[in-house]
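Close look at the chain arrangement
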Amino acid sequence: MAEKKWVYSFGDGKAEGAASMRDLLGGKGANLAEMSNIGLPVPPGFTITTEVCTAFYENDRNYPDGLKEQVEAALEQVGKAVGMSFGDPENPLLVSVRSGGRASMPGMMDTVLNLGLNDETAAGLAKRAGDERFAYDSYRRFISMYSDVVLGVEHHNFEEILEYYKEEQEYSLDTELSATDWQDVIHRYKERVEEELGRPFPQDVNEQLWGAVGAVFGSWRNRRAETYRRLHNIPESWGTAVNVQAMVFGNMGDTSATGVAFTRNPSTGEKALYGEFLVNAQGEDVVAGIRTPQSLTKKARLEGNDKLPSMEEAMPDAFAELSAVFERLERHYTDMQDVEFTVQEAKLWMLQTRSGKRTAKAALKIAVEMVGEGLIGEETAISRVDPASLDQLLHPTLDPDAPRDVLATGLPASPGAASGEIVFSSDEAAALRQAGKNVVLVRVETSPEDINGMHSAVAILTTRGGMTSHAAVVARGMGRPCVSGAGSIRIDYKSETFTAAGVTLKKGDIITVDGSTGQVLKGEIPTLQPELSGDFATLMSWADKHRRMEVRTNAETPHDAETARKFGAEGIGLCRTEHMFFEEDRIVAVRQMILADDAKGRRAALEKILPMQRDDFRQLFEIMHGLPVTIRLLDPPLHEFLPKGEAEIADFAKETGADAEKLARRLADLAETNPMLGHRGCRLGISYPEIYEMQARAIFEGALLAAAETGAAVTPEIMIPLVGMKAELDFLKERIVAVAVEVEKEKGAKLEYRIGTMIELPRAAIMAREIAESAEFFSFGTNDLTQTTYGISRDDAAHFMNDYMGKKIIAQDPFVSLDREGVGELVRLGAERGRETRPDIKLGICGEHGGDPASIAFCEEVGLTYVSCSPYRVPIARLAAAQSALAGAGNNTSGSGTA
Ligand code: PEP
Ligand code: MG
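This is a predicted model, so every value here is computed, not measured.

Structural notes on the site of ligand 1
- With respect to spatial proximity, 14 residues lie near ligand 1, and among them R576, G781, N783, D784 and R794 are the closest.
- Side-chain polar atom of R576 to an oxygen atom of ligand 1: 2.7 Å apart, as the coordinates give it.
- With respect to ligand 1, the backbone of N783 contributes an N or O atom lying 2.7 Å from an oxygen atom.
- Protein contact buries 96% of the 290 Å² of open area that ligand 1 shows by itself.
- Contributions of two or more residues to the shell around ligand 1 are made by β28 (572-576) and α32 (782-790).
- Counting residues per element, the shell around ligand 1 draws most heavily on α32, at three residues.

Laid out in structure tokens, this is it:
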């Protein structure tokens, strides 16, 4: 049987590997092979495969048979290609040894340069190159690097020696050291290694080579690498490859250099070479930041006000070749590349290429421009932008050049940045807003009562609560910047002050909240507005062309609805009517309704609310101009609307003339042990049908008014929450239909409408076949469905979810990203059973998951008609829906087509 191939050679315009062999050769090795194959100048070398790594660990840290011979043969071939020989004192071949897995992985042994140097070969190199200084500079670099990463003698040992030597000799720069100086330093380095290890620095070049190879494989299982793998879901079985490559030298005088570059600007996306280089240096000098690197282009030098010449000016020929290589690489890989290169005595060598990391802004620009250049198609462009990253682009950001005075850092709960006067109460926020002021609402935490204040504020800051706290969820929904859980801030409500970082600020002082970073800053900081036209609009139009699912929004105010339309929402998937009940002009009537003794009293109070609700709905219908609008009838337990605490109760009693004692009694009646599982959702409608009847009437009348105003047909979708039994829905449906008949008769008009339900309870998903007999649509309320499936309170989960994730019990918060196996299975079941009864049933999702790209991919798989999410997530959902449609996730469902 032929011996297994463990080693793949590259260089000299050809290679045994290719880019497609990433799994076997690792990213770096595969790309070195690819660059060789397309004829780019790559120093010759070879890759020891990832399979060796696996075999090494399977075989008790022993190398597989045949490896040694294959490495020796490959090394000899490399020597032949460059006319040198490994370990030859006359004409020594030096190599670099670098790790390189399928995914780049910090924490692993990275690079050893100049391997193959010892006392003899260093002298030979000096003679051969006619440059003693270069040879001993290389040797000292090798000793410190090898000792650090292979022998475990830490880098600071060598830094100390060098610093001390420079002080002794009164040098300030490394470049001032002569060949003899470096020889002295080398002597001291070797002494230190021997002191630390009890044995001398290895002089045998083969021992050096296998030491470095062993260090790469050994580092695959060090603690840092293991942690990184766990966090990024990289399987242990992947292993790493090792790349051994002939050294080229950027430190051979002023016609030599080394550099790193991106083929386009990774922060703006601009099509211009971007990067830096250092003359007479080796790779680690660029990374270490000891010397200040120079610009690649003249333009960049002028913009950066650099004194030193750019590569374009200092090495015009090598620069021209580099530019041509970049063009070539981009055309070949059809993506922006991040490269490393070296110039040795005016000759360019390519050492690495890979797809470059980029900001959201750059990703967008590059994707769109590459389509224009004919490098990629629209579908590829869509796949190149991470939907979640769009969030960075949709909100105002702080001017990066403005000075910042950071008071505290909390959680980046809702992105965007805004400045305003500090206020500590929601009422005050609303009042000041009325007076035209910009305010930042500062609270320990927020509750549903604060909705109004939050809406009035330009930003929200809380000192308690996590990413799914009330403040965080509501702020994200409203698109207000929010920092939550800024625990180092101490609020004193009494004196209306807060203290942070030793500074006390009072009501009316100006602060800035940066919800994208979690920073709270003193004073006003200028912001930059998002750019929604141009590349953004172009990519979005492509996404719209390629997606199957509709994207709707969760919105209940005209402002949110307008924002969502601007972001491309195709209707409202969830209007939570309770938010309307908190508005100042109706909360009193709402409370009177709740406190009424009987249906008659309730109806009287509801009469007062009706015109306001009608107007709410009319506005939403008008803004949506014929697009579907799903309105959910009242959902939360009634006590949420009532005053809390003695003072508030007394105030309310005084204001309304209610009997304080009776009020307290009613409050006690309404108290529940488990309100989330209590008297809420459709259960309210069943106890008090007049509430839902009023809401239905407001919807129908609002729809007729809007239709008359806009001329666009309005088909409201009335949604009943928290249904678990078909009978619940039937009871309510009958009453809503009766209201419709009444309204039609009164107005002499014909109403088009649908009645459907939320699927928020496991029982509803299981009984979907029966429920679909009455429901014309389903909307999966995955917030409650997650809560009820796991039996974990969505309001209290934050307290222990981090423990669960920290202890690896679950990988992800199921309230943020849909739990496919559990909750998702209920969604799938509900969708399938619903369609069995009613094949054309409209299916949507309106929990927080509707704006999460991974959950959206799941929705595509089960064939939902639409996803609905908060306004600022609409673009994210449009892109994510397109990506999942293109990924073909929807191909294997029996699902409904486009609605
Ligand atoms: C849900 O439960 O997923 C939902 C959208 O309703 P709410 O968040 O208002 O309970
Ligand atoms: Mg719900």
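Digging into the side chain of H395
- Along the chain, H395 falls in the loop between α16 (391-394) and β14 (397-398).
- At 3.5 Å, the side chain of H395 forms a polar contact with the side chain of D391.
- Here the side chain of H395 touches P415 through a polar contact of 3.3 Å, landing on its backbone oxygen.

Describing the sheet that holds strand β2 (residues 14-15)
- Judged by pairing direction, the sheet is antiparallel, and its six strands sit side by side in the order β2-β1-β3-β8-β6-β7 without closing on themselves. Two strands close off the open sheet at either side, each with one partner strand: β2 and β7 (111-115).
- Of the strand pairs in this sheet, strand β6 (residues 95-101) and strand β8 (residues 240-246) are connected by seven bridges, and their pairing is antiparallel. Paired with S99 across the bridge in β8 is V242.

Digging into the coordination of the magnesium ion (ligand 2)
- Only E760 (OE) and D784 (OD) from the protein coordinate the magnesium ion (ligand 2), and they sit 2.0 Å from it. Highlighted residues: E760 in the loop between β31 (754-759) and α30 (762-766) and D784 in helix α32, separated in sequence by 24 residues.
- For D784, a relative accessible area of 3% translates into the label buried.

Comments concerning the domain arrangement of the protein
- Parsing the protein into structural domains produces domain 1 (51-246), domain 2 (257-358), domain 3 (396-528) and domain 4 (547-637 + 672-888).
- Each of domain 2 and domain 4 has a C-alpha centre, and the two are 54 Å apart.

With respect to the packing of helix α35 (residues 853-861) against helix α36 (residues 874-886)
- Packing of α35 against α36 leaves a shortest axis separation of 9 Å and a crossing angle of 50°. The orientation of α35 relative to α36 falls into the category oblique. For α35 against α36, the interelement crossing comes out right-handed. Listed contacts from α36 to P853, I856, A857 and E860 of α35 are I876, A877, A880, A881, S884 and A885.
- Residues of the contact of α35 with α36, tallied by class, amount to eight nonpolar, one polar and one charged.

Brief notes about the pairing of strand β10 (residues 274-279)
- Relative to β10, strand β9 (residues 257-262) runs antiparallel, the two sharing six bridges. Among the inter-strand pairings, V260 is bridged to a residue of β10, identified as E276.
- In the sheet, β10 pairs with strand β11 (residues 294-295) via two bridges, with the strands oriented antiparallel. Within β11, the residue paired with F277 across the bridge is Q294.

Topic: the sheet that holds β28
- Strands sit in the order β27-β28-β29-β30-β31-β32-β33-β34 around a closed barrel of eight strands; the barrel is parallel. Ignoring strand direction, the axes of neighbouring strands in this sheet form an average angle of 25°.
- Two elements, β31 and strand β32 (residues 777-780), share three bridges in a ladder whose sense is parallel. Pairing of M758 across the sheet is with S779, part of β32.

Here we look at the side chain of N114
- If you trace the backbone, N114 turns up in strand β7.
- Here N114 falls in the buried class, since its relative accessible area comes to 0%.
- Here S138 takes part through its backbone oxygen, which lies 3.3 Å from a polar atom of the side chain of N114.
- Beyond its immediate chain neighbours, meaning those up to four positions away, N114 contacts L94, V95, S138, R141, F142, M247, F249 and Q282.

A word on the pairing of β7
- β7 sits mainly inside the fold: five of its five residues count as buried.
- Of the strand pairs in this sheet, β6 and β7 are connected by three bridges, and their pairing is antiparallel. Paired with V97 across the two strands is V112, which belongs to β7.

Topic: the packing of helix α23 (residues 584-595) against helix α25 (residues 645-656)
- Put simply, α23 and α25 touch, their axes get as near as 12 Å, and they point 95° apart. Looking at the two axes, α23 sits roughly perpendicular to α25. Together, V588, R591, Q592 and L595 of α23 and E648, F652, E655 and T656 of α25 make up the contact between the two elements.

A word on the confidence of the model for the protein
- Chain-level statistics for the protein give a pLDDT mean of 91 and a share of 98% at 70 or above.
- Note that residues 889-899 has pLDDT below 50 and, in this model, 17 contacts with residues that lie over four places away or in other chains.

Quick notes on helix α26 (residues 660-670)
- Of the positions making up α26, those classed as buried are L663, R666, L667 and L670. End-on view of α26: buried residues confined to an arc of 105°, all on one side of the axis. The exposed residues of α26 that point more than 90 degrees off its buried face are E661, R665, A668 and D669.
- At its buried positions, α26 is contacted by α23 and α25.
- Where α26 begins, the capping side chain belongs to D659, and its oxygen is found 2.9 Å from the backbone nitrogen of E661.

Description of α35
- For α35, the full list of buried residues reads S855, I856, F858, C859 and E860.
- Buried residues along α35 sit against α34 (823-837), β33 (842-845), β34 (866-869) and α36.
- Where α35 terminates, the next one or two residues include G863, which has phi positive at roughly 75°.

Calculation notes
- Residues numbered from 1 in each chain as written.
- Chains lettered and ligands numbered in written order.
- Predicted model: local features only at pLDDT ≥ 70, side-chain atom pairs only at ≥ 80, totals over all residues.
- Heavy atoms only, no water.
- Near = heavy atom within 4 Å.
- Polar contact = N/O pair within 3.5 Å; in protein donor to acceptor, adjacent residues only side chain to side chain.
- Areas by Shrake-Rupley, 256 points an atom, 1.4 Å probe, with all protein chains shown as cover.
- Helix = DSSP H or I, 4+ residues; strand = E, 2+ residues; numbered from the N terminus.
- Pairing = 2+ DSSP bridges.
- Donors = N, O, S within 2.8 Å, 3.2 Å for Na, K, Ca; no water.
- Buried < 20%, exposed > 50% of the residue type's maximum accessible area, 1.4 Å probe, protein only.
- Domains from an automatic or database assignment.
- Axes fitted to C-alpha atoms, helices over the stretch in contact; angles between N-to-C directions.
- Parallel < 35°, antiparallel > 145°, perpendicular 65-115°, else oblique.
- Left-handed = near helix turned anticlockwise from the far one by under 90°.
- Contact = heavy atoms within 4.5 Å.
- Nonpolar A, V, L, I, M, F, W, Y, C, P; charged D, E, K, R; others polar.
- pLDDT = per-residue confidence, 0-100.
- Arc of directions from axis to C-beta.

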